[in-house]
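# Report on the structure
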Amino acid sequence: MPRWLGRLGVMPVVLAGGCINVTAPDKPIVINLNISITQEVVYRLDNKAKALIQENPGIF
């Protein structure tokens with residue numbers, strides 16, 4: 001393919017180009033974050049540890 005033929009394909013794109021305007025919005029951007037964090041802790045004690053805590057309640 002000759003070079004001039006390839007350039008003809010680019011010419012309409014160059015001629016159709018225009019300006020791009022970027023403007024800031026008039027109102028501030030508001031982002032609402034409604035987040036609920038729930039944590040559940042499950043623990044189990046074996047019988048010896050449970051008895052030890054009950055015998056010495058001031059240990060903790």
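This write-up is about the structure you can find in this document. (Residues numbered from 1 in each chain as written. Predicted model: local features only at pLDDT ≥ 70, side-chain atom pairs only at ≥ 80, totals over all residues. Heavy atoms only, no water.)

Each helix and strand in the protein was counted, giving 2 helices and 0 strands. Scored against the burial criterion, the 60 residues of the protein give a buried share of 0%. Looking at the protein as shown, the accessible area adds up to about 6,900 Å², and 59% of this sits on carbon and sulfur atoms. (Helix = DSSP H or I, 4+ residues; strand = E, 2+ residues; numbered from the N terminus. Buried < 20%, exposed > 50% of the residue type's maximum accessible area, 1.4 Å probe, protein only. Areas by Shrake-Rupley, 256 points an atom, 1.4 Å probe, with all protein chains shown as cover.)

Quick look at a nonpolar patch on the surface now. Taken together, the side chains of Ile 29, Ile 31, Leu 33, Ile 35 and Ile 37 define a hydrophobic patch exposed on the protein surface, amounting to about 680 Å² of accessible area. Relative to the elements of secondary structure, Ile 35 occurs in the loop between helix 1 (3-16) and helix 2 (47-55). (Patch = residues over 30% accessible without salt bridge, like charges linked within 9 Å, V, L, I, M, F, W, Y side chains within 5 Å. Salt bridge = Lys/Arg side-chain N within 4 Å of Asp/Glu carboxyl O.)

By themselves, these figures tell us nothing about what the structure is for.
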